[in-house]
Structure formats: C-alpha cells, structure tokens
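# Architecture at a glance
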There are 2 protein chains.
Amino acid sequence: MNSFSTQLSPAGRPRPWSSVAAGMSPPVEDGRMVVMTRGMSLDEERVMLRYRLIGRAGAPVLITLGGISADRCVDQWWSDFIGPSRAFDPDRYRLLSVDWISRTDGRAVQTGDQAIALARVLDALGIERVHDFIGASYGAMVGLAFAAEFPQRIGRLIAISGPHQAHPISTARRIVQREILRLGAERDVPERGLALARALALTTYRPPALFEQRFNQGSARERLDALQGYLRHVGVSFAGRFDLARYLSLSESMDLHQVDPQRVRCLTHLVAVDSDELVPPSQLEALAGEIGGRARLHRVRSVYGHDAFLKEPEAFNRLLSRIIAGEVCHAVA
Amino acid sequence: MNSFSTQLSPAGRPRPWSSVAAGMSPPVEDGRMVVMTRGMSLDEERVMLRYRLIGRAGAPVLITLGGISADRCVDQWWSDFIGPSRAFDPDRYRLLSVDWISRTDGRAVQTGDQAIALARVLDALGIERVHDFIGASYGAMVGLAFAAEFPQRIGRLIAISGPHQAHPISTARRIVQREILRLGAERDVPERGLALARALALTTYRPPALFEQRFNQGSARERLDALQGYLRHVGVSFAGRFDLARYLSLSESMDLHQVDPQRVRCLTHLVAVDSDELVPPSQLEALAGEIGGRARLHRVRSVYGHDAFLKEPEAFNRLLSRIIAGEVCHAVA
C-alpha cells in the first residue's frame with residue numbers, strides 16, 4: 001500500500017507482471033474506488049471503478065487504454081508494448097489504465113462519462129496532469145473526450161484508430177450487433193447473441209484483404225467451413241468472457257460519441273491504419289485538420305485494419321516510442 | 001397459349017406490362033413448369049419453376065436475371081431497362097427470366113443447379129441458344145455457371161457485379177446473416193431474424209460513403225436514431241415479402257458457388273462497380289484475366305456499390321445497350 005491508498009477503497013492485491021524482461025518486475029498495483037457520478041449521464045449516484053498502476057511511483061503518468069473489450073490489464077493485452085526500450089517503459093513512466101465503466105441495464109454510457117471517471121481517479125491518486133494519454137479504438141474516443149473536457153490535465157494525446165464521432169457505416173453495423181444481442185437475450189440464448197455479435201464485429205475489425213489471404217484455399221465448401229469454424233470460435237471464446245449488458249452499453253457509447261475537435265487543444269497525434277474500415281483514414285485525416293491545437297496524423301500500413309494496434313507491436317512500438325520521446329515533430333494545424 | 005405450351009404445366013395468366021412507354025404494351029407471359037432435377041444437387045426428383053417471357057415471340061432471347069431477392073418479374077425490378085431505346089427492347093428481343101429455385105428446408109442449391117434448371121426451361125420453350133445472358137449479382141454467378149456448363153447455348157455473357165467465387169469477407173458476413181436467420185427461426189421469431197439479416201445485408205450492398213452522405217447530419221443521437229429507423233424499415237419491409245428458407249438456401253448458394261473461369265469460353269463482358277465492397281472490382285479484374293474465352297472488364301463509377309445495377313439506370317442502360325448492340329469491342333484475353 002502506498003501513500004494514496006487511504007483515499008481509496010481496499011486496493012486489490014498486486015499481481016506479478018506478465019511480461020517480464022531480463023528478470024525485472026515493475027510494481028503492478030490493482031486498485032478500485034467508488035466514483036461519484038455527478039456531471040455524468042448515469043442514473044446511479046456512484047459507480048465502482050477498477051484501475052491498474054504499473055511502474056515507478058512518482059514517474060510521469062501515461063494513461064493507456066484500449067477498445068471496449070480491453071480492461072485495466074494493459075500488461076496483458078498490450079504486453080508487447082511494456083518494458084525497457086519499448087513504447088511504455090515502466091522504469092521511466094507510470095502507466096494507468098482502468099476497466100471501462102458501463103451500465104448493468106445495457107444503456108449507453110457516454111465517452112464523456114468515462115473521461116470524468118478518469119479525472120476522478122486522477123484526483124484520488126493525486127495526479128494533476130498526465131504526460132500522455134494513449135488510447136486506441138474506444139480508448140482514443142475517450143482520449144478525445146478527456147482532452148476536450150480537461151485540457152489542463154493532459155500533456156499530449158495519442159489517439160489511435162479512434163475518431164471524434166463514429167462513421168455511419170460502423171454505427172449501422174453496430175446497430176445490427178446490438179439487435180443480435182437483444183434478440184439473443186430476449187429469447188433466452190444470451191451467449192448465442194454475444195457470440196454472433198462478436199463474429200459480426202470481427203468482420204469490421206479485420207479488412208477484406210486479410211480474410212482473402214487466410215480463406216482462399218481449397219474448394220468453396222472447404223473455405224466456407226473454415227470461415228464458419230473461425231467465426232464460431234471467435235464468437236464463443238468472447239461470449240465466455242464478456243458480459244452482454246456491458247457489450248450493449250459500450251457499443252452504443254461509441255455511436256453516441258461526439259467531441260467538438262476545436263475543443264481538443266493539447267498536442268495531438270492521430271494514428272490511422274490504412275486498411276482500417278471501421279475508422280477509415282480519410283475520417284482521421286479530416287479530423288486532423290479540425291483539431292483545435294497542434295495535430296499530426298500518422299499513417300500505419302498494416303493488413304490488420306482496426307486490430308493493427310494489437311497485431312503490429314513492432315510498428316506501433318517504434319511509432320509510439322518516437323512520439324513519447326518527442327522525436328516526432330508536430331505540424332502546426 | 002403458344003406452341004410450346006403443351007410441354008409445360010398450365011401457364012400463368014399473362015399480366016399487363018408494368019412499364020409501358022408510349023402506350024405500347026409488349027406481350028408478357030408468365031408460365032410455370034416442372035423441372036426434372038437429374039444432374040442437380042437436389043434430393044427432390046422435380047421442382048416447380050416459374051418463368052416470365054416478355055417481348056416478341058421468335059425474337060432473339062435475352063436471359064435477364066438479378067440478385068437473390070429478385071424474381072421473374074424483371075419488368076418490375078428492372079423496369080427502367082425495358083423499352084424502345086433502352087437496353088432491353090422487347091420489339092427486338094425476347095426477355096426470359098425466372099424465379100430462382102430454392103429448397104424448402106433452407107439447404108443450399110448450387111448455382112450449377114440454377115443453370116441446369118434454366119437449360120431445361122430453354123428446352124421446354126424450344127430455345128436452342130440465347131443471344132445474351134445478362135445477370136447481375138447472383139444472376140451473374142448463375143450466368144458464369146451457365147456459360148461453363150452450356151457453352152453451345154449462350155452467345156454472350158454479361159456478368160454484372162458477380163464473381164466466379166465469393167469473396168471471403170462477403171461469405172463471412174453472409175454466415176452471420178444465416179446464423180441470425182437460424183436464431184430467429186429456432187426461437188420463434190423468424191420475421192425478426194429476416195429483418196435483421198436483411199439490415200445486415202444492406203450494410204454490405206451500400207458503400208460506406210453513401211451511409212456517410214446520408215447519415216452525417218445532426219447530433220450523434222439524431223444520426224443514430226435515423227440509422228436505426230432506416231435499417232428497421234429496410235428489414236421489416238423485406239421480412240414481409242421474403243421467405244426464410246429461401247433466403248437461407250440462396251444465401252448459402254452464393255458461398256458454395258465456384259466456377260472454373262477457364263471453362264467460360266463465350267464472349268464475356270464483366271461489369272464492376274468501383275464502390276462495390278461485396279464484389280470488389282479487384283476480384284472481377286483478376287477474373288477477367290482468367291476467363292477461357294474473350295473477356296472485357298467494364299468499370300462503372302457509382303456511389304451505390306453493389307446496388308448500382310438497380311440504382312443507376314442511366315449508366316447501365318447506356319453500357320448494356322452498347323454491349324448488346326455490339327458497339328463495344330472485346331479485348332482478347
């Protein structure tokens with residue numbers, strides 16, 4: 001327990017770091033706290049929020065957040081990015097990540113709610129300002145909301161594959177996902193709905209060329225069977241670990257997300273992946289021109305589309321390391 | 001009743017032509033016949049097939065076929081294309097179209113089955129050879145199968161937005177559609193499944209740019225509501241007119257479709273729409289190079305993606321008229 005623990009609910013037990021280089025193990029601390037919801041769109045007066053801190057106490061703080069299915073365990077789902085000579089070096093920085101707040105009735109939270117919740121966590125931890133806010137996908141949306149709401153608390157925003165508002169085709173496909181979830185839930189097969197909605201989501205995360213590359217062998221029947229098996233596996237694995245109300249709540253959160261780019265006045269790096277069809281580069285290119293502060297757009301080439309930030313650790317480590325080290329200049333917007 | 005009616009089951013009543021130019025009304029004749037299924041992949045010994053003939057008896061025959069939700073009433077769903085100085089002139093050509101055969105248990109028919117069924121209809125009608133086979137979407141797939149199976153019976157193939165095998169991303173999204181249909185059917189809400197599957201299909205027919213153009217006004221909440229209303233309307237309208245087993249059967253037919261391009265040896269015009277993500281132009285470009293006979297690829301610019309053949313009558317009338325009139329040369333493959 002460290003000095004700020006008195007402000008918090010009982011902290012979770014520290015867990016061993018899952019990706020230890022050269023035998024070094026940076027401190028990992030799980031905590032949870034009750035967040036008051038004043039100013040948020042929630043009905044509840046308070047929500048429980050879980051967070052994770054990794055790295056040296058007192059070091060500059062990096063907020064690191066991923067997509068709607070990510071959680072505070074950034075050392076697990078972004079393990080390749082954490083370590084000496086990687087993008088997030090826990091000897092030099094302290095990483096803060098959280099479990100997204102969501103609603104148990106499936107109604108949407110707002111990305112602005114997530115931003116306020118994060119600010120409350122920073123208050124509780126005694127952190128005035130974060131050095132960088134690095135968000136990918138939903139995390140980038142929340143990053144934009146945070147930068148707009150709390151300009152004095154953020155040094156620099158790195159928003160990967162996340163826009164200031166959802167693309168209508170992405171919203172359309174998420175509407176179908178949520179209707180699948182509701183159909184499953186109302187007809188007493190919630191896991192089936194979850195698996196199917198996730199399978200559909202996957203067809204939006206991964207680009208057509210990747211499907212073509214992986215499923216273009218054999219007869220039409222063999223290709224169909226392989227695809228069916230793959231989608232089923234992806235869906236069922238997800239259904240076993242994710243909650244339906246949480247999926248509904250966070251999915252709709254993306255479609256209600258809206259940030260006025262002019263209000264984002266901190267240094268901003270936007271990262272677009274050329275093959276991302278969920279958040280097309282053209283959208284982030286337009287956004288870069290509308291950001292209120294200095295903004296720069298980086299383009300990453302990858303076959304993985306919206307999942308590139310998870311599947312291309314080498315390219316992203318290189319890019320994020322350079323941005324965080326300040327080696328990449330900002331174009332003046 | 002004309003001379004071939006003795007070979008057929010009782011023909012349906014002729015219906016008035018729905019799109020009459022300058023008071024002229026070409027003869028429209030609906031018929032139905034029992035088709036023996038020898039050589040097909042069906043269990044049944046025979047299937048009932050409905051066809052429609054439009055235009056002057058004895059004129060050269062054009063087979064005109066659309067997508068899986070189209071039917072023999074080409075004068076309704078392709079009405080803008082029929083008439084003097086339009087692509088299909090019933091004074092000069094006789095148009096033949098059919099209702100797709102499908103299976104009542106939802107299992108797939110093969111595009112080769114559709115081709116054989118068409119050949120049986122031609123036999124019964126005393127038509128040895130068709131002047132042109134014009135197919136769009138699923139109709140183009142069946143056209144390729146027909147050209148491969150019955151090279152002596154086809155003068156020229158015009159295949160619009162239809163490949164020799166499905167793109168894996170399109171198959172993946174249809175797998176999800178069929179799982180939605182099954183979920184709805186098994187949980188006693190088949191119409192809900194139909195509506196939802198169709199809504200999903202729409203997000204593959206229409207390109208992202210079109211969604212962006214139509215649903216980019218107002219707040220995020222307003223855009224979400226508008227999209228939800230639109231998708232619901234599209235789905236519910238479709239559910240009211242389409243059969244679930246038929247959807248399953250024809251949907252899987254596309255994913256099992258496979259034609260060796262080398263076996264297509266007739267004059268072939270492939271038509272690709274630049275914004276079509278269901279059947280990407282790159283796929284048809286590659287196909288054009290593999291066709292066994294002379295082949296030419298035409299590119300159509302449109303915002304309507306896979307639906308362009310329904311939504312761009314001007315461009316398609318112009319192109320099809322020129323091809324049918326022989327004004328467009330073939331590149332030698």
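Residues numbered from 1 in each chain as written. Chains lettered and ligands numbered in written order. Predicted model: local features only at pLDDT ≥ 70, side-chain atom pairs only at ≥ 80, totals over all residues. Heavy atoms only, no water.

## Details of the overall build of chain A
Cut-off, in case you're wondering: Helix and strand labels come from DSSP, where a helix needs a run of H or I of at least four residues and a strand needs a run of E of at least two; each type is numbered from the N terminus. Note that the radius of gyration is over C-alpha atoms, with the globule rule given as 2.2 Å times the number of residues to the power 0.38. It only takes one pair of heavy atoms within 4.5 Å for two residues to be counted as in contact. Surface exposure here means Shrake-Rupley accessible area, sampled with a 1.4 Å probe, where a residue is shielded only by the protein chains that are shown.
A count of helical and extended segments in chain A gives 11 helices and eight strands. For 333 residues, the compact-globule formula gives about 20 Å, and the C-alpha radius of gyration of chain A, at 20 Å, lands near that figure. On the principal axes, the C-alpha backbone points of chain A span a range of 60 × 45 × 45 Å. The contacts in chain A between residues at least 6 apart in sequence include a share of 76% that link residues at least 24 apart. For chain A, the accessible surface area stands at approximately 12900 Å², while carbon and sulfur atoms represent 47% of it.

## Some thoughts on the sheet that holds strand E4 (residues 94–98) of chain A
The strands making up a sheet associate through backbone hydrogen bonding, with each pair oriented either parallel or antiparallel. Residues and elements named next belong to chain A. Cut-off, in case you're wondering: A pair of strands is labelled paired if DSSP reports no fewer than 2 bridges between them. Only C-alpha atoms enter the line fits that serve as axes; for helices the fit covers just the stretch in contact. Angles between N-to-C directions range over 0 to 180 degrees.
Here we have eight strands laid out as an open sheet, ordered E1-E2-E4-E3-E5-E6-E7-E8, and mixed in their pairing. If you trace the sheet from one side to the other, it starts and ends with strand E1 (28–36) and strand E8 (295–300), each paired once. The sheet shows a mean angle of 20° between the axes of neighbouring strands, direction not considered. Pairing of strand E5 (residues 132–136) with strand E6 (residues 156–160) involves four bridges; the strand directions are parallel.

## Description of the relation of the copies chain B and chain A
The test is simple: We superpose the copies by least squares over the C-alpha atoms of residues that have a pLDDT of at least 70 in both of them.
Screw-axis analysis of chain B against chain A gives a translation of 0.0 Å along the axis, an RMSD of 0.0 Å, and a rotation angle of 180°. Viewed as a symmetry operation, the transformation between the two copies matches a two-fold axis. Of every C-alpha in chain B, the one belonging to B:Arg187 sits nearest the axis of rotation, 3.1 Å from it. Most of the interface of chain B is mirrored in chain A, where 100% of its interface residues again form contacts.

## Re the pattern of salt bridges
When the charged atoms of two side chains with opposite charge come close together, those side chains can pair. We count it as follows: Salt bridge criterion: a side-chain nitrogen from Lys or Arg within 4 Å of a carboxyl oxygen from Asp or Glu. Buried, partly exposed and exposed residues are distinguished by accessible area as a fraction of the type maximum, computed with a 1.4 Å probe on protein chains only: under 20%, between the cut-offs, and over 50%, respectively.
Taken as a whole and assessed by the stated rule, the structure comprises 46 salt bridges over all chains. The residue A:Arg174 makes a salt bridge to A:Asp255 at a minimum N-O spacing of 2.8 Å. Placement of A:Arg174 in helix H4 (residues 168–186) and of A:Asp255 in helix H8 (residues 244–256) is noted, with a sequence separation of 81 residues between them. For the pair shown, A:Arg174 and A:Asp255 are each scored as buried. Of the charged contacts, one joins B:Glu252 and B:Arg178 as a salt bridge, the two residues approaching to 3.7 Å between their closest N and O atoms. Pair noted here: B:Glu252 is in helix H8 (residues 244–256) and B:Arg178 is in helix H4 (residues 168–186), with a separation of 74 residues, a long-range link. A relative accessible area of 11% means that B:Glu252 is categorised as buried. When its relative accessible area of 1% is taken as the criterion, B:Arg178 is described as buried.

## Remarks on the interface of chain B and chain A
Formally: Using a 1.4 Å probe, buried area is obtained as the accessible area two parts lose upon being combined, added over both of them. The term polar contact refers here to a pair of N or O atoms within 3.5 Å; inside protein, the definition further demands a hydrogen-donor-capable atom paired with an acceptor-capable atom, and it admits residues adjacent in sequence only when both atoms are side-chain atoms. Residues were grouped as follows: Ala, Val, Leu, Ile, Met, Phe, Trp, Tyr, Cys and Pro as nonpolar; Asp, Glu, Lys and Arg as charged; and all remaining residues, including Gly, as polar.
Contacts between the two partners involve 47 residues from chain B and, on the opposite side, 47 residues from chain A. Of the roughly 4200 Å² buried at the junction of chain B and chain A (both faces included), carbon and sulfur atoms supply 63%. When the buried surface of chain B facing chain A is broken down by residue, B:Leu183, B:Arg187 and B:Arg192 rank first, second and third, together holding 15% of it. Across the contact surface, chain B and chain A share four salt bridges. The salt bridge partner of A:Arg221 is B:Glu252, with a shortest N-O separation of 3.9 Å. Viewed at the interface, chain A and chain B are joined by 11 residue pairs in polar contact (both at pLDDT 80 or more). Secondary-structure elements contributing two or more residues to the side of chain B that touches chain A are H4, helix H5 (190–205), helix H6 (208–214), helix H7 (220–239) and H8 of chain B. Of all the elements, H4(B) adds the most residues to the side of chain B that touches chain A, at 13 residues. For the side of chain B that touches chain A, the residue count by class is 20 nonpolar, 11 polar and 16 charged.

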